[in-house]
Amino acid sequence: AWFPLEVEIAAEEGIDGMSNHHIENGENGVMENGNSASYAVPPEATGAARREETSAAAEKGSVKAAKQRSNDILLEYMTSLDVDEAIRRVAEELADEPNLPAWHAHALFVKKAVSVALDHRDCDREAVSKLLWHLGDAKASKLEGGPVVQHASFKLGFASLVSAAHDLRIDHPLEGLHAISLFLARAVVDELLVPMDLVEYVEALEHGELDSPSARSAASCSLEVVRCAKRLLSARHAAERLYRCWGAAAGRTFAEIKLAVTSLIDEYVQSGDADEARRCLRELDVPFCHHELTKQMLRAVVEARGDDKAKSLVRLLRALVESNEVSSSQFARGLHRFVLALDDLALDVPWAKGELKEFLIRERAWFPLEVKDALRELESAAENAPAGGAEPSVLGSTLVECLQA
């Protein structure tokens, strides 16, 4: 930073020396050529500049890699809605960049998470809000040593997001700024940020150097976002409103969702109207809890023991899986949860295990691939044959443990 211009140019061009018109090596390293001063370039100068450039390039590459990993984690999470897996990947994969501290990588993830959520539906935005809360809460993350993402990373990530509000508004002209304000206010309610962080954002934006119309316009957008978030937080019952800011399903407890799913299944059993059941499922808008729907439907099928009620429930479940209204990962997770609870169910429903086995064999044609693989593991174990040398899956191991007896 303190090198003369000639040295910087030489370092950038990879030249170890300059023409005699500019530089002549004297006893003290500096000579006068006419009226102009000439500087001797110490041998280590170009090396230091190159090392600095190399370090900057390495850091830039690490930032790019962290952004790509963040994007991959988010896309997988928004497909599977597996919070535990997303937390594991953030904790492990974003700490691997050699030239980027983990706190910086986590800040990049926070900004990327909200930016990606803006391109999706409200239920996906709620899923991202839940993921950020899990990452910032020590108990929710289920990992030792405190939360995965610290307050400093959330503060930096949201500050970067706020500063990019002008660009995000171009991509999302209808609701972009308001959606960012909702995420910002929700972060305060979830205790990922503190109210003073918003005050500091405003002070930084109001006292920043705005030397061009474009800079002033960008700062104006950012201020609008923060001030809107502050208004949302100052409203009556702000916490309750913000917990439900992404729609009717958002903010519901798991117990409430379970009750709604039970009601949906009961109404379908009474009416047999599959279209109405699917409409109610869309209205419920909880794709991250479709594993609960799967579990409850499987229980109802097993308890009905092959009668018309069971056949009707199987038709609906098959239709939901084949149309991807219930994703393959949610179906597999629901089956896994049901199998884990099978021993307790068998106390009240003695035929539960046998009925589930028959169901799995009879209906396997429409099962997702990961469930078919788990069934192959079960069959191999029953025949005392190796499962092709593949690593056993969690679902496959559970099926073997619970159903092989």
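Okay, so let's go over this structure. Here the structure is a predicted model, which is why all the values come from computation and not from measurement.

## Details of the nonpolar core
One broad trend across soluble globular proteins is that nonpolar side chains are buried collectively.
In step 1: Grouped together as the largest cluster of nonpolar side chains are 108 residues, with contacts concentrated most on F109, L132, L135, F158 and L184.
In step 2: Looking at which element gives the most residues to this core, the answer is helix α9 (residues 176–189), with 10 residues.
In step 3: Here L135 is in contact with I87, V90, F109, P147, V148, V149 and F154, once residues within four sequence places are set aside.

## Quick notes on the packing of helix α20 (residues 369–382) against helix α21 (residues 394–403)
In step 1: The interhelical angle for the contact between α20 and α21, taken along N-to-C directions, is 40°, at an axis separation of 8 Å. One finds that α20 runs oblique with respect to α21. Crossing handedness for the pair α20 and α21: right-handed. Across from V371, A374, L375, E377, L378 and A381 in α20, the residues of α21 making contact are L395, G396, S397, L399, V400 and L403.
In step 2: Of the residues that constitute the contact of α20 with α21, the class distribution is 9 nonpolar, 2 polar and 1 charged.

## Examining the environment of E209
In step 1: Relative to the elements of secondary structure, E209 occurs in the loop between α10 (195–206) and α11 (213–234).
In step 2: Among the residues examined, E209 registers a relative accessible area of 77% and is labelled exposed.
In step 3: Taking the C-alpha atoms as reference, E209 lies 10.0 Å from A219; in sequence the two are 10 residues apart.

## Topic: helix α3 (residues 83–93)
In step 1: What α3 keeps buried is the set V83, A86, I87, R89 and V90. With its buried residues spanning 165° around the axis, α3 presents them on a single face.
In step 2: A distance of 3.3 Å separates the backbone nitrogen of D84 from a side-chain oxygen at the start of α3, and that oxygen is part of D82.

## Looking at the packing of aromatic side chains
In step 1: Counted according to the given criterion, the structure contains 5 aromatic pairs.
In step 2: Aromatic side chains F331 and F367 sit 5.6 Å apart centroid to centroid with 40° between the ring planes, which places their arrangement in the tilted category. Here F331, found in helix α17 (residues 328–340), pairs with F367, found in the loop between α19 (352–363) and α20; they are 36 residues apart in sequence, far enough to count as distant. By the burial criterion, F331 is buried, and F367 matches it.
In step 3: Ring geometry for F359 versus F367: centroids 5.7 Å apart, planes at 50°, classification tilted. Each member of the pair, F359 as well as F367, is classed as buried.
In step 4: Grouped by ring-pair contacts, the aromatic residues F331, F359, W366 and F367 constitute a single cluster.

Reading the values: the criteria
Residues numbered from 1 in each chain as written. Predicted model: local features only at pLDDT ≥ 70, side-chain atom pairs only at ≥ 80, totals over all residues. Heavy atoms only, no water. Core = buried A, V, L, I, M, F, W, Y, C linked by side-chain atoms within 4.5 Å. Buried < 20%, exposed > 50% of the residue type's maximum accessible area, 1.4 Å probe, protein only. Helix = DSSP H or I, 4+ residues; strand = E, 2+ residues; numbered from the N terminus. Contact = heavy atoms within 4.5 Å. Axes fitted to C-alpha atoms, helices over the stretch in contact; angles between N-to-C directions. Parallel < 35°, antiparallel > 145°, perpendicular 65-115°, else oblique. Left-handed = near helix turned anticlockwise from the far one by under 90°. Nonpolar A, V, L, I, M, F, W, Y, C, P; charged D, E, K, R; others polar. Arc of directions from axis to C-beta. Polar contact = N/O pair within 3.5 Å; in protein donor to acceptor, adjacent residues only side chain to side chain. Phe/Tyr/Trp six-rings, centres within 6.5 Å; stacked < 30°, edge-to-face > 60°.

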